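Listed below, chain by chain, are the residues.
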Amino acid sequence: MRSVRALALLPYLAMLIGPFFVNRVTPYFFGMPFLLAWFVAWILLAAAIMAVIFRLDPADRDESE
Amino acid sequence: MNGALIGIAGAVILALGLGFLARRGRQMGLEQWTVAGRSFGAPLVFLLMAGEIYTTFTFLGGSGFAYGRGGPTYYILCYGTLAYVMSYFLLPPIWRYARDNGLYSQSDFFVRKYNSPALGVLVSLVGIVALIPYLVLQFKGLGIIVEIAGYGAIASTPAVWVGAAVATAYVMVSGVRGSAWTAVAKDAMILVVVVFLGTYFPLHYYGGIGAMFAAVEAATPGFTVLPAHGESVWWFSSTVLLTTLGFYMWPHTFASIYTARNTSVIRKNAVFLPLYQLILLFVFFGGFAAILQVPGLKGADVDLALFKLSVKTFDPWVVGVIGATGVLTALVPGSMILTAAATLLANNLYRVVDPSAADARVLRVAKVLVPLVALVAVYFTLKGGQTIVALLLMGYSFVTQLFPALVLSLARNNRITRAAAAAGIVAGVATVAAVSLTHSTIGTLFAALPVEIKELNVGIVALAVNVVVMMAVSAGTNVAVKSRGPVRAI
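Small disclaimer: the values here were computed from a predicted structure and weren't measured.

(A) Expanded view of the overall build of chain B. The secondary structure content of chain B amounts to 23 helices and 0 strands. Taken over the C-alpha atoms alone, chain B extends approximately 75 × 60 × 45 Å along its principal axes. Looking at chain B residue by residue over its 490 residues, the buried ones come to 60%. Across chain B, every contact between residues at least 6 apart in sequence was considered, and the portion connecting residues at least 24 apart equals 83%.

(B) Region of interest: the interface of chain B and chain A. Facing the 35 residues of chain B at the interface are 28 residues of chain A. If you list the elements that add at least two residues to the side of chain B that touches chain A, you get helix 5 (75–101), helix 10 (209–219), helix 11 (233–246), helix 13 (263–276) and helix 14 (278–293) of chain B. A per-element tally of the side of chain B that touches chain A places helix 13 of chain B first, with 8 residues. Partitioned by chemical class, the residues of the side of chain B that touches chain A number 20 nonpolar, 11 polar and 4 charged.

(C) Highlighting the domain arrangement of chain B. All names here are of chain B. Under the domain assignment, chain B is made up of domain 1 (3–385) and domain 2 (401–490). Of note, the centres of domain 1 and domain 2, computed from C-alpha atoms alone, are 28 Å apart. Facing 18 residues of domain 1, the contacting portion of domain 2 comprises 17 residues. Mapped onto the side of domain 1 that touches domain 2, the elements with two or more residues apiece are helix 7 (117–149) and helix 11. Counting residues per element, the side of domain 1 that touches domain 2 draws most heavily on helix 11, which supplies 7 residues. For the side of domain 1 that touches domain 2, the residue count by class is 11 nonpolar, 6 polar and 1 charged.

(D) Region of interest: unusual backbone geometry. Residues and elements named next belong to chain A. The omega torsion of the bond from Thr26 to Pro27 falls at -5°, within 30 degrees of zero and hence cis. Take Pro27: it is sitting in the loop between helix 2 (19–22) and helix 3 (34–56). Although it is not a glycine, Phe30 sits at a positive phi angle of roughly 50°. Of the residues examined, Phe30 has 10 C-beta atoms within 10 Å and is grouped as exposed.

(E) Just the nonpolar core, in detail. Counting residues in hydrophobic clusters, the biggest one holds 204 residues, and the most contacted among them are A:Phe39, B:Ala180, B:Val327, B:Ala341 and B:Ala377. Sorting elements by how many residues they give to this core places helix 16 (residues 316–353) of chain B first, with 19 residues. Each of domain 1 (3–385) and domain 2 (401–490) of chain B gives at least three residues to this core. Sequence-distant contacts of B:Val327, that is, excluding residues within four places in its chain, are made with B:Ile8, B:Ala11, B:Val12, B:Leu142, B:Ile145, B:Val146 and B:Gly163.

(F) Summary view of helix 4 (residues 56–69) of chain B. When the terminal C-alpha atoms of helix 4 of chain B are compared, their 18 Å separation across 14 residues agrees well with the 20 Å that a helix rising 1.5 Å per residue should span. Burial analysis of helix 4 of chain B places 13 of its 14 residues in the buried class, which makes it a mostly covered element.

(G) Summary view of the confidence of the model for chain B. All names here are of chain B. In the predicted model, chain B carries a mean pLDDT of 84, and the fraction of residues at 70 or more is 94%. By mean pLDDT, helix 21 (residues 442–445) is the weakest element of chain B at 72, and helix 5 is the strongest at 92. Every residue in residues 480–490 scores below 50 in pLDDT, and together they form 2 contacts with partners more than four places removed in sequence or on other chains. Scoring the predicted complex yields pTM 0.88 and, for the interface, ipTM 0.93.

(H) Geometry of the environment of B:Asp108. All names here are of chain B. Along the chain, Asp108 falls in helix 6 (residues 106–113). Sequence separation between Asp108 and His229 is 121 residues, and the spatial gap between their C-alpha atoms is 43 Å. Other than its neighbours up to four places away in sequence, Asp108 contacts Leu103, Gly120, Asn347 and Asn348.

About the criteria used
- Every chain is numbered independently, its residues counted from 1 as its sequence is written.
- To label them, take the chains in the order written and letter them from A, then take the ligands in the order written and number them from 1.
- Where totals are concerned, whole chains, interfaces and linings use all residues; where local detail is concerned, this predicted model gives features only for residues with pLDDT of at least 70, and gives and counts side-chain atom pairs only at 80 or more.
- In this text, helices come from DSSP runs of H or I with a minimum length of four residues, and strands from runs of E with a minimum of two, each type numbered from the N-terminal end.
- Three exposure classes are used, all based on how many other C-beta atoms lie within 10 Å of a residue's own C-beta (placed from the backbone): buried at 20 or more, exposed at 12 or fewer, and partly exposed between those limits.
- A pair of residues counts as a contact when their C-beta atoms, built from backbone coordinates, are separated by no more than 7 Å.
- All residues other than Ala, Val, Leu, Ile, Met, Phe, Trp, Tyr, Cys, Pro, Asp, Glu, Lys and Arg, Gly among them, are scored as polar; the first ten of these are nonpolar and the last four charged.
- Residue ranges assigned to the domains are those given by an automatic or database domain assignment.
- Any set of buried Ala, Val, Leu, Ile, Met, Phe, Trp, Tyr and Cys residues joined through C-beta atoms within 7 Å is what this text calls a nonpolar core.
- Helix span is expected to be 1.5 Å times the residue number reduced by one.
- As a per-residue quantity, pLDDT reports the predictor's confidence and falls between 0 and 100.

Written out as structure tokens, the structure reads:
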């Protein structure tokens, strides 16, 4: 499932390109300005994506390395 | 002695104790001292890599940046996250190569990949020039924290001396193991302290996080997002990209890759390290909360925002706990930097002069160099003026220049010759220095460009120069070799 690795590009798009579209204060989420809430959401998603990649990556079956 | 000082003294003694204990049961050879015998599991590697984000820079600078400039500070959240995502793919091949070739330092990697001790010398020099100001920053932060959190009972100068002596002592005894063990205490404390401050200040002063941001926005509309000009979206995006690429290029961070027991440890951490970034959120909350409560801090004083607010709000013993945490955020990265700088000097500079030196001798040289590096840093901390500030701003851009030659060396067929790698790094570093010392921006360099391009981080120019020079020299030297006939492989 090497194609799953492509998911790792999403946080890059969200954090490097995303701000051009979400640089705004409102609406607030959990009390945070929208831009900050966007980044927080993507930190959580980045961790989730890496967890999925980690689970499916055959490289991690080899504990000796 | 007031309650605050007891907490700070406790942190210093704790760091010293843990730092010495870390050595127990180990024969300290060069491999143990520099990379802990490549034996660390996920938790300790996690703490070493997280040690890089939670330094005095984040504790003081992160909150100060939020206080002084608002939204642009979010870049710190992003570059760490993206660097950790990258680490999943970038670090395992580096670790594997380092294990197979018995490497101790970042420069060793370049020496072996490009088969050139001279390139190792160059990379070491770039690393040391970037590391010393970074160490100075830690010592400066430590001095400020002790002075404020101790209510002025201890001036910053003796605090800097004591902090430098403590880090030197446990690094000489335990090497990188000392950093890892003290990092356990540091991260436990910083988690509690930062989450507490970031929750308590908004609640206590504003009634909640939402109310706090609303109040800040009411005072200065647009402060909590990116401004239209200056530190704009263009600045933000280019800065995040540059700092992501540079993240693992710091010699001490690079060496922490080698301490892992296996590549699985590294991949596992790539899942959890992004979540750890969220702690920074609470640092920012503290900085934002201070805006309307301790207004009027200007220039370098914005870094004091979090501590000023703490002193205003809490009993001395709470301030002492915060101060103790602050001291540890200086000592842990400080000790990692000391180890890395001494390793570069002994293993990649001294060894070039004395190639027959055995590992045991190189280790002795490294240990002798630790106090010398610390002394140099203390000197600049106490005497340094503008020069050191300029160097500090350049440090991150300097180490980022190592990225292209490193990444391309991982390719199966590396087309980059050693001359090209060296030329690229020199050109990139020279561009950074020239641009920083003349205070150029892309706007002043290329006045005709559209305003968006002018707001890009000027480090992009240096990286572009680096890559172009590297490609050009590589093309030239490849041709030169070929024209002499099918001889040795490079």
